[in-house]
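# Structural characterization, general
So the chains spell out like this:
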2 protein chains.
Amino acid sequence: MSLDKLQIIPLGGLGEFGMNCCAIRYGDHILVIDAGLMFPDEELLGVDIVVPDIGYLVENREQVKAILLTHGHEDHIGGLPWILTELRDVPVYGTEFTLAYVEGKLEEHKLLDDTEMLEMIPGEQFQIGPFRIQPIRVTHSLVDCVSLAIHTPVGTILHTGDFKVDLASPDGHPFDLQAFAELGRNGGVLALLQDSTNVDRPGHTPSELAVRPRLDEIFGRTKKRLFFSCFSSSIHRLKLAFELADKHDRKVAVIGRSLDNSTEIATDLGYIDIPPGILINGGQIKDYPPEKVCVLISGTQGEPMSALSRAAVDNHKHARIEPGDTVLLSSRIIPGNEKGIFRMIDHLVRRDANVIFDDGTQGIIHVSGHASQEELRLMINLVKPKYFIPVHGDYRHLKRHAELAASTGIPKQTFLLEDGDVLELTRDSATRRDKVRAGRILIDDGSTADVVDDLVIRDRRHLSEAGLLLPILAINKLTGLVEGAPEIIARGFAVPDPSILTEARQVIARTLDASSNEEKGDYGVIKEKIRTDLKRYIQKNTSRRPLIMPVILEI
Amino acid sequence: MSLDKLQIIPLGGLGEFGMNCCAIRYGDHILVIDAGLMFPDEELLGVDIVVPDIGYLVENREQVKAILLTHGHEDHIGGLPWILTELRDVPVYGTEFTLAYVEGKLEEHKLLDDTEMLEMIPGEQFQIGPFRIQPIRVTHSLVDCVSLAIHTPVGTILHTGDFKVDLASPDGHPFDLQAFAELGRNGGVLALLQDSTNVDRPGHTPSELAVRPRLDEIFGRTKKRLFFSCFSSSIHRLKLAFELADKHDRKVAVIGRSLDNSTEIATDLGYIDIPPGILINGGQIKDYPPEKVCVLISGTQGEPMSALSRAAVDNHKHARIEPGDTVLLSSRIIPGNEKGIFRMIDHLVRRDANVIFDDGTQGIIHVSGHASQEELRLMINLVKPKYFIPVHGDYRHLKRHAELAASTGIPKQTFLLEDGDVLELTRDSATRRDKVRAGRILIDDGSTADVVDDLVIRDRRHLSEAGLLLPILAINKLTGLVEGAPEIIARGFAVPDPSILTEARQVIARTLDASSNEEKGDYGVIKEKIRTDLKRYIQKNTSRRPLIMPVILEI
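Each value, and the rule that gives it
- Residues numbered from 1 in each chain as written.
- Chains lettered and ligands numbered in written order.
- Predicted model: local features only at pLDDT ≥ 70, side-chain atom pairs only at ≥ 80, totals over all residues.
- Heavy atoms only, no water.
- Helix = DSSP H or I, 4+ residues; strand = E, 2+ residues; numbered from the N terminus.
- Buried < 20%, exposed > 50% of the residue type's maximum accessible area, 1.4 Å probe, protein only.
- Contact = heavy atoms within 4.5 Å.
- Areas by Shrake-Rupley, 256 points an atom, 1.4 Å probe, with all protein chains shown as cover.
- Lys, Arg positive; Asp, Glu negative; His and termini not counted.
- Charge placed at Lys NZ, Arg CZ, Asp CG, Glu CD.
- Salt bridge = Lys/Arg side-chain N within 4 Å of Asp/Glu carboxyl O.
- Pairing = 2+ DSSP bridges.
- Axes fitted to C-alpha atoms, helices over the stretch in contact; angles between N-to-C directions.
- Parallel < 35°, antiparallel > 145°, perpendicular 65-115°, else oblique.
- Nonpolar A, V, L, I, M, F, W, Y, C, P; charged D, E, K, R; others polar.
- Domains from an automatic or database assignment.
- Disulfide = S-S within 2.5 Å.
- UniProt positions renumbered as here; feature names shortened; annotations may be inferred.
- Polar contact = N/O pair within 3.5 Å; in protein donor to acceptor, adjacent residues only side chain to side chain.
- Phe/Tyr/Trp six-rings, centres within 6.5 Å; stacked < 30°, edge-to-face > 60°.

### Overview of the overall build of chain A
Looking only at helices and strands, one finds 16 helices and 28 strands in chain A. The C-alpha extent of chain A, read off along each of the three principal axes, is 85 × 70 × 45 Å. The burial tally for chain A puts 57% of its 555 residues in the buried class. A sequence separation of at least 24 residues applies to 72% of the contacts in chain A between residues at least 6 apart. Element-wise, carbon and sulfur atoms account for 47% of the exposed surface of chain A, whose accessible area totals about 21,800 Å². Counting 63 positive and 81 negative side-chain charges, chain A places the centres of these two groups 5 Å from one another.

Right under this line is the structure:
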């Protein structure tokens, strides 16, 4: 690669929500921005997480100089253990709070000792090879988030990360309008990569502080216990919950591992001031009158093992819901989670709890952390990009975002990239190059990080839909004869009538009779013949299609 | 049962959306109102439909005098084939349009010849044993829908069915306010059973005609082909689509079996007037300039085999999406279907179609067919019920609806019933009695109607999450000795390392060595020992939990 060129290579998050990851390459130097995971669709049965295929980075292992994290949400840092296991020895840069989250994650995966973690301070620039990195403070639903301006020999690339323009600075750290404006002087940035999440929303996303009046009212009017649930990373929201509990004279118990962890980190780093004497532990809840207690509890998405789901079915040691208690879900319903959430709410209502969730009639009890259209336009106007690349979204969001950017009249050109696309930039041109390897890796269990291939998923889907039928034969290795009667095992398959299995055994016997000794000697052939004949018989007589898997046991 | 008492026995739809079914009993006479199905949660793997357990009706087979249908939606008529197969020889009453839908359904299940179908005409009363039935016309998203007033010796029961109060009468048949008002005179009805679907919505649901201005504008401004998709039973919407196509000089092709069937029935019965010469078939689409074509196409929910999903991936013979075409989804997103719908939309956007769906920013392109709070209050005010029973909804909807009814000050009492509850009424009392059998029946394949029990579902879930490991032993029946080496088959289970299987075989061998001959002779015991030891080994070495199913083959 010649030294007048720079490449932008998205590896995740362009064409889906989640698993955000983007490589920036100049000569022999590659920077990686974010290393996220994605939670799988339900159809990926049994898969726990999805991470980007980083084959491109592995192939160019020696060139990868750093991983830079914009903030601490799972879709930006959750793939880190996987990526670090593959790449090893790449330093990780993040802000103080982001690194605190990362630390717990790496410790869990026993990667902490082998990983160099370097703190970025918003506003303070630093050099990595030919890149000068400028982290710029932005506001978001999490704290200590940055956009990354990457100054390179051919121009400046700005990656916004996740952001909104929250002009009320809920944690006292304002969105750094001046730094962005500075980038816009003298011709602006070469390329802007901007968060597309809320591109469908007109106007300006309300400030985090917009939830305060309504939450205050709920804290005030609730007569019994108040169970308050929000995303564990909603640090602003947790801070507010402590403030309101203090104002309305309630003790606070924190229930749920992720909430506990977040609260601890946020307190250590000074984002939350817990009023003295207000904290109680789960076991103390019963010692206070109900109207003096607020329980911060995890599980807004109805996750079956979460504290709130367990409390909803009266299966939590400390969090017991009594008639007249209020449960407030200060969160959104993530698409795909509706059924689990509504089932949990139904259980809570059966316990005569007053459940408040964002059904559109409750006033502002939750706000988004992502920029709406006017904020997206504002950023484009501030930094005046020559080239514009929407990131973070399904294809339709990226497309709408490219149209929105073009309509400002500012970018010379917009590019609708997808994972694996390569955009090559010079000071005054941008050209698509051949795609690199990219895709999704399905991982079966967070802790062991085992990759699952498509065939396994297909088998699981088949098993899950129609069950399994297993004809088993014992063949004498010496004589080549079938010993005993063929056995048939059904599992996950409702046998409509026991006679079906009896007849199926006869079908196998007939298949064997009709096969030559040569065929019987070739287990592959005889298995396939049995499968075909049995499949035909089962489909005709039951209209169903279980997975049929002949087994030959050599004895 | 003494003759001064009447029982209301909901069998489905109280505690869930769908599978609506309710029995009304007086002495030896039982009427059944509606016979619906429910589409399963995704966790009911491979289950096609869910219907109410009608054990109570089967036990009282001789008393069941009629099934009365309020309207033709699947959640009210879809369980009919199953219920008729169980009960046989029960006459089915419905309005003309409802029976036309039922006819097709019964024909498909070969039940048409054996079923007596009797037409109800809104406003015309008829007698069944001690019951005088009064079907009252209501408005809804479907046509020819009725509420049922059932006049009994102890008083009148009113079951609203699904309704909204659409004062614009989109099909020219007005909601019969006068008939309801008449019921409210002289003390009102004894009990009101009312649709809870939209109890969360304040105000009054907009008229079906509210979609017209925006759809007219879309028909007018679209430059190329217009693909118009709505629920196949949205007869008003289909009628409007034909009108607007005519106005904007487009031919109409109808693609998709359910849409085709609905259009035909609605045309035959005079609900849709297809302008002469406007209809073309799929093969003719390509013969007209794009701006002269409207394609009515099925698949608003992203169902994988629907015409629109196939068109989205360019896999439909006639429906081809070209750049610049418009795809309009005049429908809502049914919770749980988000991922499929958005995946389809993404494919359409990749084909450079302009996709319009109800994302909250598109103006009114769809309206609900169910009554909002003011309409629910209006009905209560019209018919002045002594007792109020919310129907059709999850528990939280029923509860909120009971509260809304109580807040009008009209009912003497409200009852929060669930499936299987029995409410016994006299002229001036209402008492809960012991529950009857009720629940859900899972059916594996619409056409064969096979029941699936919970164990099968549990196996499928396990298989789908973690796959299957199958240790197989051949035991000589005569000697009791194990012949050959144990075999292990893995399916839907990613074996991290082939050595795992080799070692697993050794685990089995050790288990066998450590077992007495007596244990080996008891296949139940030896299977369980193998299962336990293998499970421990697999979990320790892979951190996963496949279904382990030892198989012993006797030879």
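So that's the structure; there's more coming.
### Quick word on the pattern of salt bridges
Side chains bearing opposite charge may pair, as long as their charged atoms lie close to each other. Residue and element names in this part refer to chain A. Evaluation of the coordinates by the stated rule reveals 59 salt bridges over all chains. Taking the shortest distance from any N to any O, the salt bridge between Lys5 and Glu424 comes out at 3.8 Å. Within this pair, whereas Lys5 is found in the segment before strand 1 (6–12), its partner Glu424 is found in strand 21 (residues 422–425), the two being separated by 419 residues in sequence. Owing to a relative accessible area of 25%, Lys5 belongs among the partly exposed residues under this scheme. Notably, a salt bridge pairs Asp53 with Arg437, separated by 3.0 Å at the nearest N-O pair.

### Looking at unusual backbone geometry
All names here are of chain A. Positioned with a positive phi, Ser169 is a non-glycine residue whose angle comes to about 40 degrees. Mapped onto the elements, Ser169 comes out in the loop between strand 11 (155–159) and helix 5 (177–184). For His392, which is not glycine, the phi torsion reads 60 degrees and is therefore positive. Here His392 is to be found in the loop between strand 19 (387–391) and helix 12 (395–407). Owing to a relative accessible area of 4%, His392 belongs among the buried residues under this scheme.

### Observations concerning the environment of B:Leu57
Residue and element names in this part refer to chain B. Relative to the elements of secondary structure, Leu57 occurs in helix 1 (residues 55–59). Separated by 25 residues in sequence, Leu57 and Val32 have C-alpha atoms that sit 8.9 Å apart. Beyond its immediate stretch of four places on either side in the chain, Leu57 contacts Leu11, Ala23, Ile30, Val32, Val64 and Leu87.

### Considerations on the sheet that holds strand 11 (residues 155–159) of chain B
All names here are of chain B. One open sheet holds the 7 strands; their spatial order is 8-9-10-11-12-19-20, and the pairing between them is mixed. Whereas interior strands pair on both sides, the edge strands pair on one side only; in this sheet they are strand 8 (126–128) and strand 20 (413–414). Here strand 10 (residues 145–152) runs beside strand 11; their pairing, made up of 5 bridges, is antiparallel. Within strand 11, the residue paired with Ile150 across the bridge is Ile157.

### Quick look at the sheet that holds strand 5 (residues 64–68) of chain A
Residues and elements named next belong to chain A. With mixed pairing, 8 strands are arranged side by side in an open sheet as 7-6-5-3-2-1-21-22. If you trace the sheet from one side to the other, it starts and ends with strand 7 (117–119) and strand 22 (430–433), each paired once. When strand polarity is set aside, the average angle formed by the axes of neighbouring strands in this sheet is 25 degrees. Of the strand pairs in this sheet, strand 1 and strand 2 (residues 21–26) are connected by 5 bridges, and their pairing is antiparallel. In the strand pairing of strand 2, Gly12 is matched with Cys21. Where helix 3 (residues 80–87) meets the sheet, it contacts strand 2, strand 5 and strand 6 (92–94), and its direction lies at approximately 170 degrees from that of strand 5. Across the sheet, helix 4 (residues 96–108) is in contact with strand 6 and strand 7; its angle to strand 7 comes to roughly 165 degrees.

### Focus: the pairing of strand 16 (residues 293–297) of chain A
Residue and element names in this part refer to chain A. Across the 5 residues of strand 16, 5 count as buried, placing the element largely inside the fold. Residues Val293, Val295 and Ile297 point to one face of strand 16 and Cys294 and Leu296 to the other, with burial holding for every one of them. For strand 13 (residues 226–229) and strand 16, the ladder comprises 3 bridges, and the chain directions are parallel. Paired with Phe227 across the strands is Val295, a residue of strand 16. Here strand 14 (residues 251–255) pairs with strand 16 via 5 bridges, running parallel. Across the sheet, residue Val252 finds its bridge partner in strand 16, namely Cys294.

### Thoughts on the packing of helix 5 (residues 177–184) of chain B against helix 11 (residues 373–383) of chain B
Residue and element names in this part refer to chain B. Relative to each other, helix 5 and helix 11 sit at 50 degrees, their axes nearing to 6 Å. Classified by the angle their axes make, helix 5 and helix 11 are oblique. Listed contacts from helix 11 to Leu177, Phe180, Ala181, Leu183 and Gly184 of helix 5 are Leu378, Met379, Leu382 and Val383. Of the residues belonging to the contact of helix 5 with helix 11, the class tally is 8 nonpolar, 1 polar and no charged.

### Some details on the pairing of strand 9 (residues 131–138) of chain B
All names here are of chain B. Strand 9 sits mainly inside the fold: 7 of its 8 residues count as buried. Relative to strand 9, strand 8 runs antiparallel, the two being bridged by 3 bridges. Considered in strand 9, the bridge of Phe126 is made with Ile133. Following strand 8, the chain reverses through 2 residues before pairing antiparallel with strand 9; Gly129 in that reversal takes a positive phi of roughly 55 degrees. The pairing of strand 9 with strand 10 spans 7 bridges and is antiparallel. Bridge pairing in strand 10 places Pro135 opposite Leu148.

### What about the domain arrangement of chain A?
Per the domain assignment, the segments making up chain A are domain 1 (6–204 + 368–452), domain 2 (208–356) and domain 3 (467–554). On a C-alpha basis, the centres of domain 2 of chain A and domain 3 of chain A stand 56 Å from each other.

### Some words on the state of the cysteines
In total, this model carries 0 disulfides over all chains according to the counting rule given. With no disulfide of its own, A:Cys230 has A:Cys294 as its nearest cysteine by sulfur position, at a separation of 10.0 Å.

### So, the UniProt feature "active site" (unreviewed entry) in chain A
All names here are of chain A. Sequence positions flagged by UniProt for "active site" (unreviewed entry) are, in local numbering, Asp195 and His370. With the annotated positions falling across 176 residues, the maximum pairwise C-alpha distance of 7.8 Å places them together in a single cluster. With respect to the secondary-structure elements, Asp195 resides in strand 12 (residues 191–195). Setting aside its immediate chain neighbours within four residues, Asp195 contacts Thr160, Gly161, Asp162, Phe163, His370, Leu376, Val391, His392 and His401. Considering the arrangement of structural elements, one finds His370 in the loop between strand 18 (354–356) and helix 11 (373–383). When near neighbours in sequence (up to four residues on either side) are disregarded, His370 contacts His140, Asp162, Phe163, Lys164, Asp195, Thr197, Asn198 and Thr205. Of note is the side chain of His370, whose polar atom sits 3.4 Å from the side chain of Thr197.

### Regarding the packing of aromatic side chains
Residue and element names in this part refer to chain A. Per the stated rule, a full pass over the model turns up 16 aromatic pairs over all chains. Ring centres 6.0 Å apart and planes at 45 degrees place the aromatic pair Phe219 and Phe228 in the tilted group. The exposure class of Phe228 is buried, given its relative accessible area of 1%. Grouped by ring-pair contacts, the aromatic residues Phe97, Tyr101 and Tyr271 constitute a single cluster.

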